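# Inside the fold
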Amino acid sequence: RKEVEQDPGPFNVPEGATVAFNCTYSNSASQSFFWYRQDCRKEPKLLMSVYSSGNEDGRFTAQLNRASQYISLLIRDSKLSDSATYLCVVKGPDMRFGAGTRLTVKP
Amino acid sequence: EPEVTQTPSHQVTQMGQEVILRCVPISNHLYFYWYRQILGQKVEFLVSFYNNEISEKSEIFDDQFSVERPDGSNFTLKIRSTKLEDSAMYFCASTPGRGSNQPQHFGDGTRLSIL
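Since the model is a prediction, treat every value here as computed from it, not as a measurement. (Residues numbered from 1 in each chain as written. Chains lettered and ligands numbered in written order. Predicted model: local features only at pLDDT ≥ 70, side-chain atom pairs only at ≥ 80, totals over all residues. Heavy atoms only, no water.)

## Section: the state of the cysteines
Residues and elements named next belong to chain A. The condition that has to hold: Note on disulfides: each one is a pair of cysteine sulfur atoms within 2.5 Å. Working definition: helices are DSSP H or I runs of at least four residues, strands are E runs of at least two. Numbering for both runs from the N terminus.
Applying the stated criterion across every chain yields a total of 2 disulfides over all chains. Covalent S-S linkage joins Cys23 and Cys88, the inter-sulfur distance amounting to 2.0 Å. Note on the Cys23 and Cys88 pair: the S-S dihedral is about -75°, so by sign convention the disulfide is left-handed. Of this pair, Cys23 sits in strand β3 (residues 19-25) while Cys88 sits in strand β9 (residues 84-91), placing them 65 residues apart in sequence.

## Quick look at the sheet that holds strand β6 (residues 55-57) of chain A
All names here are of chain A. Spelled out, the test is: Any two strands with at least two DSSP bridges between them are considered paired. Lines fitted to C-alpha atoms define the axes here, with helix axes fitted over just the stretch in contact, and angles between the N-to-C directions of these axes take values from 0 to 180 degrees.
Taken together, 5 strands build an open sheet; the order of strands is β1-β3-β8-β7-β6 and the sheet is antiparallel. In this open sheet, the two strands that pair with only one neighbour each are β1 (4-6) and β6. When strand polarity is set aside, the average angle formed by the axes of neighbouring strands in this sheet is 20°. One ladder, built from 6 bridges, connects strand β7 (residues 60-65) with strand β8 (residues 70-75); its direction is antiparallel. Bridge pairing in β8 places Ala62 opposite Leu73.

## Quick notes on the interface of chain B and chain A
Accessible area lost during the coming together of the parts is what is often quoted as the interface size. We apply this condition: Whether two residues are in contact is decided by their heavy atoms, any of which lying within 4.5 Å being enough. Note on definitions: buried area is the accessible-area loss of two parts on being combined, 1.4 Å probe, summed for both. The salt bridge definition used is simple: a Lys or Arg side-chain nitrogen within 4 Å of an Asp or Glu carboxyl oxygen. Any pair of nitrogen or oxygen atoms within 3.5 Å is treated as a polar contact; in protein, a donor-acceptor pairing is required on top of that, and neighbouring residues in sequence qualify only through side-chain atoms on both sides.
On the chain A side, the residues contacting the 21 residues of chain B number 20 residues. Regarding the contact of chain B and chain A, the summed buried area is about 1,700 Å², with carbon and sulfur atoms giving 54% of it. Counting across the interface, chain B meets chain A through 0 salt bridges. There are 2 residue pairs in polar contact (both at pLDDT 80 or more) connecting chain B and chain A. Within the residue set of the side of chain B that touches chain A, elements represented by two or more residues are β4 (31-37) and β5 (43-50) of chain B. Tallying contributions element by element places β4 of chain B first for the side of chain B that touches chain A, with 3 residues.

## Focus: the side chain of Glu44 of chain B
Residue and element names in this part refer to chain B. Our working rule: The cut-offs for exposure are 20% and 50% of the maximum accessible area for each residue type, with area from a 1.4 Å probe on protein chains only; residues under the lower value are buried, those over the upper are exposed, and the others partly exposed.
You can see Glu44 is positioned in strand β5. On the accessibility criterion, Glu44 (18% relative accessible area) is buried. Setting aside residues up to four positions removed in sequence, Glu44 forms contacts with Tyr35, Arg36, Ile38 and Ile60.

## Brief notes about the layout of surface pockets
Put simply, the test is: Only protein atoms enter the calculation, which uses a 1 Å grid: trapped sets of points that fit a 1.4 Å probe without letting it out are cavities, open sets showing protein on both sides within 12 Å along at least five of seven lines are pockets, and any residue with an atom within 4 Å of a point is a lining residue. Grid points are joined across faces, edges and corners, and a volume is the space filled by probe spheres set on the points. Throughout this entry, Asp, Glu, Lys and Arg are counted as charged residues, while Ala, Val, Leu, Ile, Met, Phe, Trp, Tyr, Cys and Pro are counted as nonpolar. The remaining residues, Gly among them, count as polar.
Estimated volume of the largest pocket: approximately 520 Å³. Gln38, Arg41 and Arg102 of chain A together with Gln37 and Gly40 of chain B are, among the 27 residues lining the largest pocket, the residues nearest its centre. Looking at the lining of the largest pocket, the elements that each hand over two or more residues are β9 and β11 (101-106) of chain A together with β9 (88-95) and β11 (110-114) of chain B. In terms of residue class, the lining of the largest pocket is made up of 12 nonpolar, 10 polar and 5 charged.

## Notes on the pattern of salt bridges
Residue and element names in this part refer to chain A. Under the definition given, this model contains 7 salt bridges over all chains. One salt bridge connects Glu56 with Arg76, and the closest N-O pair in it is separated by 3.5 Å. Placement of the pair is Glu56 in strand β6 and Arg76 in the loop between β8 and β9, with a sequence separation of 20 residues. A relative accessible area of 27% means that Arg76 is categorised as partly exposed. Across the pair Arg96 and Asp94 runs a salt bridge, and its minimum N-O distance is 2.8 Å.

Read these as layout, nothing more, since geometry by itself doesn't imply function.
Structure (structure tokens):
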């Protein structure tokens, strides 16, 4: 089983759509969780940390279910600029990345 | 906003040669990291570094690799006797401390091409 597993997509959605990404992780001792976004041939950039109680940052909502070892990211009212690959990242003790889910938002 | 900077942006090297990739972490950060990303694949952890020594390393980080903080600002990754499969993007990252909830800030990477 992969340490961090994501649906690779691609997800192709129209502007304004709501889209959800899922991620599962295998190490139950993992301590921290993040979503990063990565544009083509660029560095990963932190989108948001993921907290046990769930957290929201504008149009983005992250959820964590430790019992199921499952993390999600919801993007509401998607914009063209949201087009990127979204990386699920699990820390404990080092950072383990998922392979990413590619999102394309179309006009 | 402070940034992690990496040089060069692109390095082309003949197979078998040594290469040094350079990073300047954010100035008040104490923990430093190297990752690699082979084209089309996921980001992979290589090594973490604190207080002038390696904290953790992955199975990828074998004797071919070494890291150093030669002065107060630079953090380097040396790859000896490069192989074709070392071709990848190499990212440096840093954090202020070791707290598990601290996200890492990445430099914009060095593209290493081995010929």
